[in-house]
Amino acid sequence: DLFFQATKNLYALEPTPKTAYMMGAMCLGDEKYSEAVRYLKDATEGLTDKKDLYRAYIYLGRAHAGANSYSAARSAYYKAAELDGTKGEPYLMIASLYASSSRSINDGLNGRSAYWAAVDKAIRAKNVDNSPENVEAANRMISSYSGYYPKKQDAFMLDLIDGHSYVVPGWIGESTTIRTR
């Protein structure tokens, strides 16, 4: 609390990208998502170090996700991916975001098409980052999310055929491949 207040006072006196970053990270930790978004946006506009900027965009994505602003969260994660194309973390975060919002997708499959897009992002994470931790996390997601694929007969009733292209409705809006179990 003392450090938070001191940082807040410092930011009020002399707002810098570094203090905005620290305030955003602390607000995120306290689940004050809208405050975190405000500070982290300030940080991303002024930070010049690529590693700090990458981390600020990851935090900004988490803050937007916590505030249920999924499209904004995805945009922040994509900006992080642009800054460091060798890290799978942004894609894993997007995969998690897609899976966690599946209930909001009106696809006639109880949102199960969101899992197709989530698996696509987990596969992308593995393709850009072959570090053991990343590959293990991506494989866990793929295994877990594949279990939520619709049954072949349920997809067939909606004229959805394995291997065909499909655009996930709602905020996700991405093209993916139909998969069943």
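As shown above, the structure is provided for reference.
Predicted, not measured: the structure shown is a model, and the values here were computed from it. (Residues numbered from 1 in each chain as written. Predicted model: local features only at pLDDT ≥ 70, side-chain atom pairs only at ≥ 80, totals over all residues. Heavy atoms only, no water.)

### Some details on the pattern of salt bridges
Okay, step 1: Taken as a whole, this structure holds eight salt bridges when the rule is applied.
Okay, step 2: Between Arg179 and Asp120 there is a salt bridge; the shortest N-O distance is 2.4 Å. Of the two residues, Arg179 is situated in the segment after strand E2 (175-177) and Asp120 in helix H7 (residues 113-128); the sequence distance between them amounts to 59 residues.
Okay, step 3: The exposure class assigned to Arg179 is buried, which follows from its relative accessible area of 18%.
Okay, step 4: Between Arg140 and Glu136 there is a salt bridge, with the nearest N and O atoms lying 3.0 Å from each other. With a gap of four residues between them, Arg140 and Glu136 both fall in helix H8 (residues 132-146), about one helical turn apart.
Okay, step 5: What makes Glu136 partly exposed here is its relative accessible area of 49%. (Salt bridge = Lys/Arg side-chain N within 4 Å of Asp/Glu carboxyl O. Helix = DSSP H or I, 4+ residues; strand = E, 2+ residues; numbered from the N terminus. Buried < 20%, exposed > 50% of the residue type's maximum accessible area, 1.4 Å probe, protein only.)

### Side note on unusual backbone geometry
Okay, step 1: Here the phi dihedral of Asn68 falls at roughly 60°; this positive angle occurs in a residue that is not glycine.
Okay, step 2: Among the secondary structure elements, Asn68 is positioned in the loop between helix H4 (50-66) and helix H5 (70-83).
Okay, step 3: Even without a glycine there, the phi angle at Asn110 is positive, about 60°.
Okay, step 4: By secondary structure assignment, the location of Asn110 is in the loop between helix H6 (89-100) and H7.
Okay, step 5: Accessibility expressed as a relative area gives 70% for Asn110, which makes it exposed.

### A look at H7
Okay, step 1: A rise of 1.5 Å per residue sets the reference length of H7, with its 16 residues, at 22 Å; its end C-alpha atoms lie 24 Å apart and thus fit the reference within 8%.
Okay, step 2: Along H7, the residues classified as buried are Ser113, Ala114, Tyr115, Trp116, Ala117, Ala118, Val119, Lys121, Ala122 and Ala125.
Okay, step 3: Close packing links the buried residues of H7 with H5, H6, H8, strand E1 (165-167) and E2. (Expected span 1.5 Å × (residues − 1). Contact = heavy atoms within 4.5 Å.)

### Here we look at the packing of aromatic side chains
Okay, step 1: Evaluation of the coordinates by the stated rule reveals seven aromatic pairs.
Okay, step 2: With a centroid separation of 6.5 Å and 65° between ring planes, the pair formed by Tyr78 and Tyr91 is classed as edge-to-face. In this pair, Tyr78 is assigned in helix H5 and Tyr91 in helix H6, connecting sequence segments 13 residues apart.
Okay, step 3: Ring geometry for Tyr115 versus Tyr145: centroids 5.8 Å apart, planes at 50°, classification tilted. Here Tyr115, found in helix H7, pairs with Tyr145, found in helix H8; they are 30 residues apart in sequence, far enough to count as distant.
Okay, step 4: An aromatic cluster of at least three residues, connected via ring pairs, comprises Tyr70, Tyr98 and Trp171.
Okay, step 5: Sitting over the face of the ring of Tyr39, Arg38 holds its NZ or CZ atom 4.6 Å from the ring centroid.
Okay, step 6: Between the NZ or CZ atom of Lys87 and the centre of the ring of Tyr54, over which it lies, the distance is 5.9 Å. (Phe/Tyr/Trp six-rings, centres within 6.5 Å; stacked < 30°, edge-to-face > 60°. Lys NZ or Arg CZ within 6 Å of the ring centre and 35° of its normal.)

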